[in-house]
Amino acid sequence: PTSAVNVTTIDARIHTIRGASVLLDLDLAALHCVAPGALMQAIRRNRIRFPADFMVQLDNREVIDLKSQSVISKP
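Cut-off values and rules
Residues numbered from 1 in each chain as written. Predicted model: local features only at pLDDT ≥ 70, side-chain atom pairs only at ≥ 80, totals over all residues. Heavy atoms only, no water. Helix = DSSP H or I, 4+ residues; strand = E, 2+ residues; numbered from the N terminus. Polar contact = N/O pair within 3.5 Å; in protein donor to acceptor, adjacent residues only side chain to side chain. Salt bridge = Lys/Arg side-chain N within 4 Å of Asp/Glu carboxyl O. Buried < 20%, exposed > 50% of the residue type's maximum accessible area, 1.4 Å probe, protein only.

What to know about the side chain of His15
Then step 1. Checked against the element boundaries, His15 lands in strand 1 (residues 14-17).
Then step 2. A polar atom in the side chain of His15 sits 3.2 Å from the backbone oxygen of Arg13.

Examining the pattern of salt bridges
Then step 1. Evaluation of the coordinates by the stated rule reveals three salt bridges.
Then step 2. A salt bridge links Glu62 to Arg18; the shortest N-O distance between them is 2.8 Å. With Glu62 in helix 4 (residues 60-68) and Arg18 in the loop between strand 1 and strand 2 (20-23), the pair connects residues that are 44 residues apart, well separated along the chain.
Then step 3. Owing to a relative accessible area of 52%, Arg18 belongs among the exposed residues under this scheme.
Then step 4. In this structure, Arg61 and Asp65 form a salt bridge, with 3.0 Å as the shortest nitrogen-oxygen distance. Remark: Asp65 and Arg61 occur in helix 4; sequence separation between them is four residues, near one turn of the helix.

This is how it looks when you write it as structure tokens:
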């Protein structure tokens, strides 16, 4: 059975990066109740199903900014 996800929960996980609203892979995986590695594997296996702008790679400055905001945990 599937459960509804609270809109507030999703909204809290949306970040603005480069002027676009994005979800981090960790947050997207959590919303789908899968491990981040499983999400990335599914995306790699089904690239044709995802638009070209579905994923972006953060640069070092963006990662540092997110960490400083306590959005993602430190490795």
